[in-house]
Amino acid sequence: MSDHAVLHVKGRVLVGPEDVRDELWVVGGRVCHDRPAGVRDVRTVEGWALPGLVDAHCHVGLGTDGPVDADTAEKQALTDRETGTLLIRDAGSPSDTRWIDDREDLPKIIRAGRHIARTRRYIRNYAHEVEPDELVAYVAQEARRGDGWVKLVGDWIDRDLGDLSACWPREAVEAAIAEAHRLGARVTAHCFAESSLRDLVEAGIDCVEHATGLTEDLIPLFAERGVAIVPTLVNIATFPQLAAGGEHRYPRWSAHMRRLHERRYDTVRGAYDAGIPVYVGTDAGGSLAHGLVAAEVAELVTAGIPPVEALAATSWGARAWLGRPGLEEGAPADLVVYESDPRADVRVLAAPRRVVLNGQVVE
C-alpha cells in the first residue's frame, strides 16, 4: 500500500445516489470534503468514486472442508479487497479471524460468529451442531463472540424426508431470537425452502439469507416486519448442478432445488417491488470463489432491480443497514474509483481503477 499523507480524489464523488461532488480529500486516513490548509505531498486520483463496496454474505476463514489457515483466509480477504469489497458481513465462519482487525490493509469485517445448525443437518465442519434445547445457549454464545449478528441454519435437507425442511421448532427460534435481541445482536438465517420462513419472521428474525423460498403469500409478512433478504444469486446459480448431483438419491430434493432456481429472479423482483430491503451478498467461501461482488450486483439488475438500487445494495444502503459510514465527513476513507459512472452501467464495478482503504491507495 502507498504512503501518501494526503489524497485528492477528483472527478465525480458519489457520496449518495444523488449527492455527487467534484472532489474529496483524504487527510489522516479520513474523508474531508473541504481542501485542507497547508497541504503537501498530495497524490491525485481521478474518476468516479463510490464508498467501499459491501459483501453482506461472505465467509472469510471458511473453505470447502471447514476452517482454513490464516494464509488462506488472508488470500480470501485480499481477493475481496482487490475487487472493491472493503466491508464484509461474515455470515458464519468456524475460524477465528480477529487478527484481520489489526490489519489496515484488509477489509473490515462484521462477524456473525459461527453458524448454528441442527445436528447432522448441515455441511460437516462448518457449524455448531446442536439440538433445539441447546439453541438459546449457543445463540447467546455467538452473540457475545460476534459483531452484532448471529447466524442460524434455518433449513437443510432432511435425508429421511428426501427434501428440504425446517430445522427448528417455532418455540426454539422464538426463544433464541429473543435472547439474541436481549444481547443486542441481530439474527439472520440460511433458508432455501419455503417451510421455515413464516416461523422465523413471526419469531422476529432480522434477515434471511438466500430466501429462494419466498412466496407471494409470505412477501407481505416480510415487508410488514421489515425483514431484509440477501439473495446471493451467484450462489443460487449453482442449484442445477447441485440438483443433478443429488438426483439419484434425493429426486424430490433435486426437483425442489430446480424449481427454486427457475423462479429466482421473479422471487427477488417480487421482494423488491413489495419494499423488502435487498442487499448484495455472494456467499463467497466454502465452495464459492471470493471477489464476486460485481457479478452479484449485475445479477440483481438482471432480476429487475433498477441499477441505482442494485448499486445502493452494495454501497450507501448496505453501509447504513450495517451501521457503518460511507463517504461522510470524518469517515474512514474506504472508497473505490472507477473509469465511468457505475449508476449508468453497474458492470463497471468489475474493473476498479483504484481502491482506497483507510486512506491508503492499494497498489
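These numbers come from a predicted model, not from an experiment.

A.B. asks: Tell me what's going on with the sheet that holds strand 5 (residues 53-58), and back it up with residues and numbers.
C.D. replies: Spatially, 5-8-9 is the arrangement adopted by the three strands of the open sheet, whose pairing is parallel. Pairing within the sheet leaves two strands with one partner each, and these edge strands are strand 5 and strand 9 (108-111). The average undirected angle you get between the axes of adjacent strands in this sheet is 20°. Bridge count between strand 5 and strand 8 (residues 85-90): four bridges; the pairing is parallel. Bridging from a neighbouring strand, V54 pairs with L87 of strand 8.

A.B. asks: Go over the packing of aromatic side chains, please, and point to the residues and values.
C.D. replies: The tally for this structure, following the rule as stated, stands at six aromatic pairs. Pairing Y122 with Y126 gives two aromatic rings, centres 6.1 Å apart and planes at 80°, and the pair type is edge-to-face. The aromatic ring of W149 is capped on one face by R89, whose charged end is 4.6 Å from the ring centroid. If you follow R264 out to its NZ or CZ, it ends over the ring of Y265, 4.2 Å from the centre.

A.B. asks: A description of the sheet that holds strand 20 (residues 360-362) should follow, citing residues and the corresponding values.
C.D. replies: Read across the sheet, seven strands follow the order 3-2-1-4-18-19-20 without closing on themselves; strand pairing throughout is mixed. Looking at which strands have only one partner, the edges of the open sheet turn out to be strand 3 (30-32) and strand 20. Within this sheet the neighbouring strands show an average axis-to-axis angle of 40°, counted without direction. Across three bridges, strand 2 (residues 20-27) lies against strand 3 in antiparallel orientation. If you follow W25 over to strand 3, its bridge partner there is C32.

Definitions and cut-offs
Every residue gets a number counted from 1 within its own chain, in the order that chain's sequence is written. Note on the predicted model: pLDDT of at least 70 is required for a residue's local features to be given, and 80 or more for side-chain atom pairs to be given and counted; whole-chain, interface and lining totals, by contrast, use all residues. Note: side-chain values were computed over all heavy atoms of the structure, leaving out hydrogens and water. Whether two strands pair depends on DSSP finding at least two bridges between them. Under the DSSP-based scheme used, a helix requires at least four consecutive residues in state H or I and a strand at least two consecutive residues in state E, with every element numbered from the N terminus. Axis definition: a line fitted to C-alpha atoms, limited for helices to the stretch in contact. Angles are taken between N-to-C directions and run from 0 to 180 degrees. Only rings of Phe, Tyr and Trp enter the pairing, Trp through its six-membered ring, and a pair is recorded when the two centres are within 6.5 Å. The plane angle decides the type: under 30 degrees is stacked, over 60 is edge-to-face, the rest tilted. Geometrically, a charge over a ring is one whose NZ (Lys) or CZ (Arg) sits within 6 Å of the ring centre while staying within 35 degrees of the ring normal.

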